[in-house]
Amino acid sequence: MIRLHHVAFSRSFRVLWLLKEMGLDCELVRYSITDGSLRRPDYLELSPAGRVPALEIDGKVLFESGAITEYLCETRAEHGLGRSPGHAERSTYLEWLHYAETMAHLIANLNLQWVFLRDPSMRSPTLLRIEAKRLANTLKPLEKVLAEQDYLLPSGFSGADTMLGYNFLAAPYFVRFDKFPNLCRYVDRIAARPAYLAARAVDGKQTFYAQDFYEVADG
Ligand SMILES: N[C@@H](CCC(=O)N[C@@H](CS)C(=O)NCC(=O)O)C(=O)O
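The model shown is predicted, which means the values in this text are computed figures rather than measured ones.

Digging into the pattern of salt bridges
Opposite charge on two side chains allows them to pair when their charged atoms are near.
Next up, step 1: Going through the model one piece at a time under the given rule, you end up with twelve salt bridges.
Next up, step 2: For Glu-56, the salt bridge goes to Arg-3, with nearest N and O atoms at 3.1 Å. Of this pair, Glu-56 sits in strand E3 (residues 54-57) while Arg-3 sits in strand E1 (residues 3-6), and the two are 53 residues apart along the sequence.
Next up, step 3: Given the relative accessible area of 22%, Arg-3 is considered partly exposed.
Next up, step 4: Its salt-bridge partner being Arg-189, residue Asp-150 comes within 3.9 Å of it at the nearest N-O pair.

Here is the structure:
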(Lines give C-alpha, C1' and ligand atoms only; values in the text may rest on other atoms or scores of the structure.)
Protein backbone atom coordinates (compact mmCIF):
# COMPACT_ATOMS: atom_id res chain seq x y z
CA MET A 1 0.00 0.00 0.00
CA ILE A 2 1.21 3.46 -0.90
CA ARG A 3 -0.03 6.39 1.19
CA LEU A 4 0.53 10.00 0.18
CA HIS A 5 0.25 12.83 2.70
CA HIS A 6 -1.07 15.64 0.60
CA VAL A 7 -2.19 19.24 0.48
CA ALA A 8 -4.12 20.20 -2.64
CA PHE A 9 -2.27 22.53 -5.02
CA SER A 10 1.05 22.10 -3.17
CA ARG A 11 4.37 20.38 -3.89
CA SER A 12 2.76 17.03 -3.01
CA PHE A 13 0.99 17.36 -6.38
CA ARG A 14 4.36 16.37 -7.90
CA VAL A 15 4.14 12.95 -6.27
CA LEU A 16 0.43 12.53 -6.90
CA TRP A 17 1.02 13.20 -10.61
CA LEU A 18 4.09 10.92 -10.79
CA LEU A 19 2.15 8.07 -9.19
CA LYS A 20 -0.60 8.59 -11.77
CA GLU A 21 1.99 8.55 -14.57
CA MET A 22 3.16 5.19 -13.19
CA GLY A 23 -0.38 3.88 -12.84
CA LEU A 24 0.16 3.30 -9.10
CA ASP A 25 -2.79 3.67 -6.74
CA CYS A 26 -2.30 5.44 -3.45
CA GLU A 27 -4.32 6.18 -0.38
CA LEU A 28 -4.48 9.93 0.13
CA VAL A 29 -4.33 11.62 3.53
CA ARG A 30 -5.36 15.23 3.08
CA TYR A 31 -4.22 18.15 5.19
CA SER A 32 -4.82 21.85 5.34
CA ILE A 33 -1.79 24.10 5.28
CA THR A 34 -3.37 26.56 7.70
CA ASP A 35 -5.03 24.50 10.45
CA GLY A 36 -1.88 23.33 12.25
CA SER A 37 -2.32 19.67 11.29
CA LEU A 38 1.13 19.55 9.64
CA ARG A 39 2.70 20.50 12.98
CA ARG A 40 1.02 17.77 15.01
CA PRO A 41 3.52 15.39 16.66
CA ASP A 42 2.14 12.39 14.75
CA TYR A 43 2.70 14.18 11.43
CA LEU A 44 6.19 15.36 12.47
CA GLU A 45 7.07 11.68 12.91
CA LEU A 46 6.49 11.32 9.16
CA SER A 47 7.92 14.60 7.93
CA PRO A 48 10.24 16.26 10.46
CA ALA A 49 9.80 19.82 9.17
CA GLY A 50 6.02 19.37 8.96
CA ARG A 51 5.89 19.65 5.20
CA VAL A 52 4.13 17.84 2.38
CA PRO A 53 4.68 15.59 0.59
CA ALA A 54 5.40 12.58 2.76
CA LEU A 55 5.05 9.18 1.16
CA GLU A 56 4.61 5.85 2.92
CA ILE A 57 5.91 3.16 0.62
CA ASP A 58 7.89 -0.10 0.77
CA GLY A 59 7.72 -0.14 4.57
CA LYS A 60 9.22 3.31 5.06
CA VAL A 61 8.26 6.97 5.02
CA LEU A 62 9.96 9.40 2.66
CA PHE A 63 9.84 13.18 2.73
CA GLU A 64 11.17 15.75 0.21
CA SER A 65 9.49 15.68 -3.19
CA GLY A 66 12.84 15.47 -5.02
CA ALA A 67 13.97 12.45 -3.01
CA ILE A 68 10.56 10.80 -3.48
CA THR A 69 10.70 11.42 -7.23
CA GLU A 70 14.18 9.92 -7.52
CA TYR A 71 13.19 6.97 -5.31
CA LEU A 72 10.03 6.19 -7.29
CA CYS A 73 11.79 6.51 -10.63
CA GLU A 74 14.65 4.27 -9.49
CA THR A 75 12.59 1.59 -7.74
CA ARG A 76 9.91 1.57 -10.45
CA ALA A 77 12.36 1.88 -13.35
CA GLU A 78 10.06 -0.09 -15.65
CA HIS A 79 8.06 3.12 -16.21
CA GLY A 80 11.08 4.77 -17.82
CA LEU A 81 10.69 8.06 -15.95
CA GLY A 82 14.16 8.19 -14.37
CA ARG A 83 17.61 8.35 -15.91
CA SER A 84 19.92 5.90 -14.15
CA PRO A 85 23.59 6.51 -13.36
CA GLY A 86 25.50 6.02 -16.61
CA HIS A 87 22.62 7.27 -18.76
CA ALA A 88 23.70 10.08 -21.10
CA GLU A 89 20.96 12.34 -19.69
CA ARG A 90 21.57 11.52 -16.03
CA SER A 91 23.17 14.84 -15.05
CA THR A 92 20.65 16.94 -16.99
CA TYR A 93 17.83 14.95 -15.43
CA LEU A 94 19.17 15.67 -11.93
CA GLU A 95 19.72 19.34 -12.73
CA TRP A 96 16.14 19.99 -13.85
CA LEU A 97 14.67 17.78 -11.15
CA HIS A 98 16.36 19.91 -8.48
CA TYR A 99 15.91 23.18 -10.36
CA ALA A 100 12.25 22.73 -9.48
CA GLU A 101 13.08 23.74 -5.93
CA THR A 102 15.05 26.82 -7.03
CA MET A 103 11.78 28.00 -8.52
CA ALA A 104 9.52 26.66 -5.79
CA HIS A 105 11.20 28.52 -2.96
CA LEU A 106 10.57 31.78 -4.83
CA ILE A 107 6.94 30.79 -5.28
CA ALA A 108 6.76 29.92 -1.57
CA ASN A 109 8.08 33.37 -0.65
CA LEU A 110 5.51 35.02 -2.89
CA ASN A 111 2.75 32.82 -1.46
CA LEU A 112 3.82 33.77 2.03
CA GLN A 113 3.63 37.48 1.30
CA TRP A 114 0.58 37.56 -0.94
CA VAL A 115 -1.62 34.82 0.51
CA PHE A 116 -0.58 34.07 4.08
CA LEU A 117 0.02 37.65 5.24
CA ARG A 118 -3.56 38.73 5.04
CA ASP A 119 -2.86 42.25 6.28
CA PRO A 120 -1.40 44.06 3.21
CA SER A 121 0.60 46.42 5.44
CA MET A 122 2.78 43.45 6.45
CA ARG A 123 3.93 42.89 2.86
CA SER A 124 7.16 44.29 1.49
CA PRO A 125 6.67 45.72 -2.01
CA THR A 126 10.44 45.63 -2.45
CA LEU A 127 10.64 41.90 -1.69
CA LEU A 128 7.55 41.20 -3.80
CA ARG A 129 9.20 42.94 -6.76
CA ILE A 130 12.55 41.18 -6.25
CA GLU A 131 11.03 37.73 -5.82
CA ALA A 132 8.73 38.08 -8.86
CA LYS A 133 11.72 39.21 -10.94
CA ARG A 134 13.85 36.33 -9.67
CA LEU A 135 11.03 33.91 -10.50
CA ALA A 136 10.75 35.37 -14.04
CA ASN A 137 14.52 34.90 -14.43
CA THR A 138 14.22 31.20 -13.63
CA LEU A 139 11.89 30.82 -16.61
CA LYS A 140 14.46 32.05 -19.14
CA PRO A 141 16.63 28.92 -19.30
CA LEU A 142 13.51 26.78 -19.56
CA GLU A 143 12.23 28.86 -22.47
CA LYS A 144 15.53 28.21 -24.24
CA VAL A 145 15.58 24.45 -23.65
CA LEU A 146 11.95 24.06 -24.67
CA ALA A 147 12.61 25.71 -28.02
CA GLU A 148 14.41 22.52 -29.02
CA GLN A 149 12.34 19.78 -27.41
CA ASP A 150 8.89 18.90 -26.06
CA TYR A 151 10.00 18.02 -22.53
CA LEU A 152 12.94 18.89 -20.28
CA LEU A 153 15.03 16.02 -21.58
CA PRO A 154 15.65 15.41 -25.29
CA SER A 155 14.52 11.78 -25.01
CA GLY A 156 11.14 12.71 -23.59
CA PHE A 157 8.97 12.91 -20.49
CA SER A 158 10.57 12.11 -17.12
CA GLY A 159 10.41 12.68 -13.38
CA ALA A 160 12.08 16.05 -14.00
CA ASP A 161 8.84 17.14 -15.70
CA THR A 162 6.62 16.02 -12.83
CA MET A 163 8.86 17.89 -10.40
CA LEU A 164 9.10 21.07 -12.39
CA GLY A 165 5.70 20.95 -14.04
CA TYR A 166 3.97 21.50 -10.71
CA ASN A 167 5.53 24.97 -10.49
CA PHE A 168 3.48 26.08 -13.47
CA LEU A 169 0.31 25.76 -11.43
CA ALA A 170 1.54 28.65 -9.28
CA ALA A 171 4.10 30.69 -11.24
CA PRO A 172 1.52 32.27 -13.61
CA TYR A 173 -0.07 34.02 -10.61
CA PHE A 174 3.14 36.05 -10.23
CA VAL A 175 4.81 36.20 -13.65
CA ARG A 176 3.24 37.02 -17.01
CA PHE A 177 3.91 34.12 -19.34
CA ASP A 178 3.31 35.91 -22.65
CA LYS A 179 7.07 36.46 -23.08
CA PHE A 180 7.63 32.71 -22.84
CA PRO A 181 5.85 31.06 -25.79
CA ASN A 182 7.81 27.79 -25.67
CA LEU A 183 7.02 27.49 -22.00
CA CYS A 184 3.33 28.14 -22.68
CA ARG A 185 3.29 25.32 -25.22
CA TYR A 186 5.08 23.08 -22.71
CA VAL A 187 2.51 23.87 -20.03
CA ASP A 188 -0.29 23.02 -22.49
CA ARG A 189 1.51 19.79 -23.38
CA ILE A 190 1.90 18.58 -19.80
CA ALA A 191 -1.62 19.72 -18.91
CA ALA A 192 -3.03 17.50 -21.67
CA ARG A 193 -1.43 14.34 -20.28
CA PRO A 194 -4.07 11.94 -18.92
CA ALA A 195 -2.11 11.37 -15.69
CA TYR A 196 -1.82 15.11 -15.08
CA LEU A 197 -5.56 15.53 -15.66
CA ALA A 198 -6.28 12.63 -13.30
CA ALA A 199 -4.10 14.21 -10.60
CA ARG A 200 -5.73 17.60 -11.10
CA ALA A 201 -9.15 15.97 -10.80
CA VAL A 202 -8.15 14.66 -7.36
CA ASP A 203 -7.37 18.22 -6.23
CA GLY A 204 -10.37 19.87 -7.88
CA LYS A 205 -10.66 23.58 -8.43
CA GLN A 206 -7.91 25.62 -6.84
CA THR A 207 -9.06 27.83 -3.99
CA PHE A 208 -5.63 28.96 -2.75
CA TYR A 209 -5.31 32.09 -4.89
CA ALA A 210 -8.08 34.66 -4.66
CA GLN A 211 -6.87 36.63 -7.69
CA ASP A 212 -5.90 35.67 -11.23
CA PHE A 213 -2.67 37.66 -11.01
CA TYR A 214 -0.74 39.38 -8.23
CA GLU A 215 0.60 42.60 -9.67
CA VAL A 216 3.38 44.47 -7.87
CA ALA A 217 3.13 48.23 -8.04
CA ASP A 218 6.13 49.90 -9.71
CA GLY A 219 8.58 51.28 -7.26
N1 LIG B 1 11.70 20.84 -0.33
C2 LIG B 1 10.45 20.30 0.18
C3 LIG B 1 9.50 21.45 0.46
C4 LIG B 1 8.17 20.98 1.00
C5 LIG B 1 7.28 22.14 1.37
O6 LIG B 1 7.72 23.18 1.86
N7 LIG B 1 5.97 21.96 1.16
C8 LIG B 1 5.04 22.99 1.51
C9 LIG B 1 3.81 22.94 0.59
S10 LIG B 1 4.21 23.41 -1.05
C11 LIG B 1 4.55 22.77 2.93
O12 LIG B 1 4.37 21.66 3.34
N13 LIG B 1 4.34 23.83 3.67
C14 LIG B 1 3.81 23.76 4.99
C15 LIG B 1 4.37 24.82 5.87
O16 LIG B 1 5.26 25.57 5.45
O17 LIG B 1 3.89 24.89 6.99
C18 LIG B 1 9.88 19.34 -0.86
O19 LIG B 1 10.12 19.56 -2.04
O20 LIG B 1 9.19 18.38 -0.48
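Details of helix H8 (residues 181-191)
Next up, step 1: Of all the positions in H8, only Asn-182, Leu-183, Tyr-186 and Ile-190 are classed as buried. Take H8 and look down its axis: the buried residues cluster within an arc of 95°, on one side only.

Describing the packing of helix H4 (residues 90-116) against helix H5 (residues 125-145)
Next up, step 1: Two numbers describe how H4 lies on H5: the axes approach to 10 Å, and their chain directions differ by 155°. What the angle tells us is that H4 and H5 run roughly antiparallel. The hand of the H4/H5 crossing is left-handed. Counted together, Trp-96, Tyr-99, Thr-102, Met-103, His-105, Leu-106, Ile-107, Asn-109, Leu-110, Gln-113 and Trp-114 of H4 and Leu-127, Leu-128, Glu-131, Ala-132, Arg-134, Leu-135, Thr-138, Leu-139, Pro-141, Leu-142 and Val-145 of H5 form the full contact between these two elements.
Next up, step 2: In the contact of H4 with H5, the residues fall into 15 nonpolar, five polar and two charged.

Quick notes on the domain arrangement of the protein
Next up, step 1: Domain boundaries assigned for the protein yield domain 1 (3-79) and domain 2 (90-193).
Next up, step 2: Between domain 1 and domain 2, the C-alpha centre-to-centre distance is 20 Å.
Next up, step 3: Taken together, the 16 residues of domain 1 in the interface contact 23 residues of domain 2.
Next up, step 4: Buried area between domain 1 and domain 2, both sides added, is near 1600 Å², and the carbon and sulfur share of it is 64%.
Next up, step 5: On the surface where domain 1 and domain 2 come into contact, there are four salt bridges.
Next up, step 6: Note that Glu-74 is salt-bridged to Arg-90, the shortest N-O span being 3.9 Å.

Description of the site of the ligand
Next up, step 1: Around the ligand sit 13 residues, and of these Arg-39, Arg-51, Glu-64, Ser-65 and Glu-101 come closest.
Next up, step 2: The separation between an oxygen atom of the ligand and a polar main-chain atom of Val-52 is 2.8 Å.
Next up, step 3: Residues belonging to the shell around the ligand are distributed by class as follows: four nonpolar, three polar and six charged.

As for the packing of H5 against H8
For any two helices packed against each other, one specifies the inter-axial angle together with the distance between the axes.
Next up, step 1: Orientation of H5 relative to H8, taken along the N-to-C sense of each, is 80°, at an axis distance of 8 Å. Classified by the angle their axes make, H5 and H8 are roughly perpendicular. Across the interface between the two elements, Leu-139, Leu-142 and Glu-143 from H5 touch Pro-181, Asn-182 and Leu-183 from H8.
Next up, step 2: Tallied by class, residues from the contact of H5 with H8 come to four nonpolar, one polar and one charged.

As for the pairing of strand E2 (residues 27-30)
Next up, step 1: Looking at chain direction, E1 and E2 are connected through four bridges and run parallel. From the neighbouring strand, Leu-4 faces E2, where its bridge partner is Leu-28.
Next up, step 2: The parallel pair E1 and E2, bridged by helix H1 (residues 12-21), forms a crossover whose chirality is right-handed.

What to know about the UniProt feature "domain: GST C-terminal" (unreviewed entry) in the protein
Next up, step 1: In this numbering, the UniProt entry assigns the feature "domain: GST C-terminal" (unreviewed entry) to residues 86-213.
Next up, step 2: What you have in residues 86-213 is 62% helix and 0% strand, and the ends, taken at the C-alpha atoms, are 43 Å apart.

How each quantity is defined
Residues numbered from 1 in each chain as written. Predicted model: local features only at pLDDT ≥ 70, side-chain atom pairs only at ≥ 80, totals over all residues. Heavy atoms only, no water. Salt bridge = Lys/Arg side-chain N within 4 Å of Asp/Glu carboxyl O. Helix = DSSP H or I, 4+ residues; strand = E, 2+ residues; numbered from the N terminus. Buried < 20%, exposed > 50% of the residue type's maximum accessible area, 1.4 Å probe, protein only. Arc of directions from axis to C-beta. Axes fitted to C-alpha atoms, helices over the stretch in contact; angles between N-to-C directions. Parallel < 35°, antiparallel > 145°, perpendicular 65-115°, else oblique. Left-handed = near helix turned anticlockwise from the far one by under 90°. Contact = heavy atoms within 4.5 Å. Nonpolar A, V, L, I, M, F, W, Y, C, P; charged D, E, K, R; others polar. Domains from an automatic or database assignment. Buried area = accessible area lost by both parts, 1.4 Å probe. Near = heavy atom within 4 Å. Polar contact = N/O pair within 3.5 Å; in protein donor to acceptor, adjacent residues only side chain to side chain. Pairing = 2+ DSSP bridges. Right-handed = clockwise from strand over helix to strand, strands pointing away. UniProt positions renumbered as here; feature names shortened; annotations may be inferred.

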